[in-house]
Amino acid sequence: MAGREITRHLLTRTEMPVTLLLHESGKALSRPRLLRELFRLEPTPPLVRRIRLVRGDLTKDRLGLPSSLYHELAQSVAGIIHAAATTRFDLPLAEARRVNVLATEHLVRFAGRCRNLARFGLLSTVFVSGRRQGRILESERVHTAGFVNTYEQSKYEAEALLESSGVPYVTYRLSTLVGDSQTGFTSHFTTPHQALRVMHLGLASLVPGLPDYSVDLIPTDWAATTIVSHFLNQSPAGQVVHLVAGPARSYSLAQVIDESYDRLGELDPAWKARDYPKPAIATQAAFQLLVHSAEQARDPLMIGVLGMLKYFTEQFSYPKDFDATNLNGADAAPDIRDYYGRVVAYCLKTKWGRRA
Amino acid sequence: MPTAGPRSAGISHVAYRLPKSRKTLSALKRSKQIRSSVTFLGELGFTYGYITEEPDRFDELLLAAAEEAIADSGRSRAEIGTLFLYSGLNPHTPASGGAAILERFRYPVAKLADRLQLRHANAMALSQQGCSGLLSAINLAARLVQTGDPPAALCVAGDALPKHANREIMYNVMSDAAAAVVVERGSPRNQIVSFHQLGQPAYWDSPQRERELIAAYFPMAQRAICAAVEQAGLRLPDIRWIVPSNVSLRSWTILGELLGIPASRIWSKNIARVGHTVCCDHVINLRDMSREGVLTRGDHLLLFTFGFGASWTSLILQH
């Protein structure tokens, strides 16, 4: 999600040539189609000429590229933004590591061969902090608090690998992305969107966490603008930047539930008439018992609903306040109150991606 | 200590009857009367299902429970102004098709009043509140005895599933049972402190909305319980005992966690011993709690249940 917006931003706000390393699964995409479908841009000839498409696989040696191409790229690349990742929370650790750690290892190896490399940017997550609570500094990574899911752990390990690589890196730890602040658009319907869908289906029962937990959500357009601007400003290597909204611009857990129901009710009167109760905010123990019961009952729908929530909502029991010193005067993230309604509207309009 | 005012009302006497026949979970599984595994239902706290062999026997259970409650109360028949019969699953449902139209006017509540010799009581039947039915009947009865002349009302309830019917509803093992309650003005025990019912009629189509009902259960239960406690001018720690409906122990564990009520204050023994009886659970539990001596005068008791329809109902008593 962030990778697409960053690329879109590079193409629309700068003049620089962009090489896109795409997975084999994107093989069929021509440059014009790619511009139109992935980046929502009109494929004008100058824009098409600025893009170079390379098909590869980060999980393979030499990025899955022919040797000649690998070496040729190493001569020309001046900056790398590593936005390829799996953001699924429910993968087995080995699979999450394969995509998020091994791919980083291969790309870092490639970066080491890039003579002109000025900066390597890694997109990561503020939740590498795992089960830690309290103030989380950008300058800290190492902890022993454990992780809520394999995504957090694999990103933590990818950061560690980059730190020790000798490559001139910047790590961008993103908070949870929810879509475009102006349109609500999202290319991926991730866990927050799916949680909203569960509420819309009337299947939200318990949400584990603390009612006043600050649910930090950021819009994709702001994240892309901020990352590109920071990346191009040649800030010192070895920096970690937290991209967060902060408590003042975020809803609490209780508020985000209330706002979700209010927005859904305004936008969908038929749904409102169903009078679904809001989920109760519960302890982890209560929620885990409910999950266990659904699993024992072998109810596929409830297993799906609760399973989706269980890999994500555990964070709501570990309140955090993220330091954002290294944003260095960049515009603050928009307040969720100003755009959450657009996110909800987009989800409803597209039926969570089932209707283009 | 409760002080029964002249116009206060409460549950003075309770009685219940269970069928003689009961089946273990394994036997119910063998006769295809439960869908889930024996292990799973066992983990949810169930052991048995009580089964009435014949519809006529069920009538005897209702009658026996009612007679015992009246006898224990020491009230004369003339002092009982109202008879409520709550039954959501009447085993005497008249046949459709060619049956004479008059068949539909053979009222079980009139028959019960006749057999109890309650010739002056206003006899009324209630249905369609599922497991909330008896608590609603008690609430109505309390209002009547508080405002009317006769000082007592009798609430009788019971349900029996067809003998070979499926006995698992939403992962609960169902038993047949009958229960009776005398509600009296100035009752020396179990004064009604508050009654709170949250209705969600949008959930009326239970089969179609089964999963939505399961999802709604806990948040609505929390709201109904907290509202009743607040209405009573109490706080949750003031509740000495949760008198549960005998739905799964797992659901009570979750609800207890949600409310911050320790399992030790939820009297859950009868989930294993009896199972879930639609609407008689609270009476059965009150009676057994009393027999076991766990109730102390002045204890606040919270009775809670969910009923299809849908409603979430809390009744707070002071013992």
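First, a word on what this report is: a plain description of the structure on this page. (Residues numbered from 1 in each chain as written. Chains lettered and ligands numbered in written order. Predicted model: local features only at pLDDT ≥ 70, side-chain atom pairs only at ≥ 80, totals over all residues. Heavy atoms only, no water.)

Brief notes about unusual backbone geometry
Line of reasoning, step 1. Residue Ala310 of chain B is reached from Gly309 of chain B by a cis peptide bond, and omega for that bond is 10 degrees.
Line of reasoning, step 2. As for its placement among the helices and strands, Ala310 of chain B is situated in the loop between strand E12 (300-307) and strand E13 (311-318).
Line of reasoning, step 3. Positive phi values are uncommon outside glycine, yet Asp275 of chain A reaches one of about 60 degrees.
Line of reasoning, step 4. Examined against the element boundaries, Asp275 of chain A turns out to sit in the loop between helix H10 (269-273) and strand E13 (280-282).
Line of reasoning, step 5. Overall, Asp275 of chain A belongs to the partly exposed group, its relative accessible area being 42%.
Line of reasoning, step 6. Unlike most non-glycine residues, Gln117 of chain B shows phi in positive territory, near 60 degrees.
Line of reasoning, step 7. Structurally, Gln117 of chain B can be placed in the loop between helix H4 (108-116) and strand E5 (122-126). (Helix = DSSP H or I, 4+ residues; strand = E, 2+ residues; numbered from the N terminus. Buried < 20%, exposed > 50% of the residue type's maximum accessible area, 1.4 Å probe, protein only.)

A look at the environment of Leu65 of chain A
Residue and element names in this part refer to chain A.
Line of reasoning, step 1. Relative to the assigned elements, Leu65 resides in the loop between strand E2 (51-56) and helix H4 (67-76).
Line of reasoning, step 2. A residue is classified by how much of its surface remains accessible, and Leu65, at 4% relative accessible area, is buried.
Line of reasoning, step 3. Counting along the chain gives 10 residues from Leu65 to Arg55, while the straight-line C-alpha distance between them is 7.4 Å.
Line of reasoning, step 4. Beyond its immediate stretch of four places on either side in the chain, Leu65 contacts Leu21, Val54, Arg55, Gly56, Tyr70 and Leu73. (Contact = heavy atoms within 4.5 Å.)

A short note on the packing of aromatic side chains
Residue and element names in this part refer to chain B.
Line of reasoning, step 1. Scanning the model with the defined rule gives 22 aromatic pairs over all chains in all.
Line of reasoning, step 2. Residues Tyr203 and Trp312 carry aromatic rings whose centres are separated by 6.4 Å and whose planes lie at 75 degrees to one another, so their mutual orientation is edge-to-face. Of the two residues, Tyr203 sits in the loop between strand E10 (191-199) and helix H6 (210-231) while Trp312 sits in strand E13, which places them 109 residues apart along the sequence.
Line of reasoning, step 3. With relative accessibility at 0%, the residue Tyr203 sits in the buried group. (Phe/Tyr/Trp six-rings, centres within 6.5 Å; stacked < 30°, edge-to-face > 60°.)

Topic: helix H13 (residues 336-349) of chain A
All names here are of chain A.
Line of reasoning, step 1. The end-to-end C-alpha separation of H13 is 20 Å, in line with the 20 Å expected for 14 residues at 1.5 Å each.
Line of reasoning, step 2. For H13, every residue scored as buried is listed here: Ile336, Tyr339, Tyr340, Val343, Val344, Tyr346, Cys347 and Leu348.
Line of reasoning, step 3. Taken together, the buried residues of H13 touch helix H7 (191-200), strand E10 (217-218), strand E12 (251-252) and helix H9 (253-267).
Line of reasoning, step 4. Looking one or two residues past H13, Lys351 carries a phi angle of roughly 50 degrees, positive in sign. (Expected span 1.5 Å × (residues − 1).)

Some thoughts on the interface of chain B and chain A
Line of reasoning, step 1. Contacts between the two partners involve 22 residues from chain B, matched on the other side by 29 residues from chain A.
Line of reasoning, step 2. For the pair chain B and chain A, the summed buried surface comes to about 2,000 Å²; carbon and sulfur atoms form 61% of the total.
Line of reasoning, step 3. On inspection of chain B and its partner chain A, the count reaches 1 salt bridge.
Line of reasoning, step 4. Where chain B meets chain A, there are 9 residue pairs in polar contact (both at pLDDT 80 or more).
Line of reasoning, step 5. For the side of chain B that touches chain A, the secondary-structure elements that each account for two or more residues are helix H2 (38-43), H6 and helix H7 (249-259) of chain B.
Line of reasoning, step 6. Counting residues per element, the side of chain B that touches chain A draws most heavily on H6 of chain B, which supplies 10 residues.
Line of reasoning, step 7. Here the side of chain B that touches chain A is built from residues that sort into 12 nonpolar, 3 polar and 7 charged. (Buried area = accessible area lost by both parts, 1.4 Å probe. Salt bridge = Lys/Arg side-chain N within 4 Å of Asp/Glu carboxyl O. Polar contact = N/O pair within 3.5 Å; in protein donor to acceptor, adjacent residues only side chain to side chain. Nonpolar A, V, L, I, M, F, W, Y, C, P; charged D, E, K, R; others polar.)

Brief notes about the layout of surface pockets
Take a probe with the size of a water molecule and roll it over the atoms, and the empty space left behind shows itself.
Line of reasoning, step 1. Computed from the structure, the second largest pocket encloses a volume of approximately 930 Å³.
Line of reasoning, step 2. Taken together, 41 residues line the second largest pocket, and the ones lying closest to its centre are Ile169, Met170, Asn172, Phe306 and Phe308 of chain B.
Line of reasoning, step 3. Counting residues per element, the ones that place at least two in the lining of the second largest pocket are helix H11 (284-297) and helix H12 (300-310) of chain A together with H6, H7 and E12 of chain B.
Line of reasoning, step 4. Take the lining of the second largest pocket: its biggest share by element is 5 residues, from H6 of chain B. (1 Å grid on protein atoms, 1.4 Å probe; cavity = no way out; pocket = protein on both sides within 12 Å on 5 of 7 lines; lining within 4 Å. Points joined across faces, edges and corners; volume = space filled by probe spheres on them.)

A closer look at the sheet that holds strand E4 (residues 119-125) of chain A
Residue and element names in this part refer to chain A.
Line of reasoning, step 1. The 4 strands are arranged E3-E4-E6-E11 in an open sheet whose pairing can be described as parallel. The sheet is open, and its two edges are formed by strand E3 (79-82) and strand E11 (239-243), each paired on a single side. Between one strand axis and the next, the sheet turns by 20 degrees as a mean value, whatever way the strands run.
Line of reasoning, step 2. Inspection of the sheet shows E3 paired to E4 by 4 bridges, in the parallel sense. Paired with Ile80 across the bridge in E4 is Phe120.
Line of reasoning, step 3. Lying on the sheet, helix H5 (residues 93-113) is in contact with E3 and E4; it crosses E3 at an angle near 180 degrees.
Line of reasoning, step 4. Along the sheet, helix H6 (residues 150-163) makes contact with E4 and strand E6 (169-174), crossing E4 at roughly 160 degrees. (Pairing = 2+ DSSP bridges. Axes fitted to C-alpha atoms, helices over the stretch in contact; angles between N-to-C directions.)

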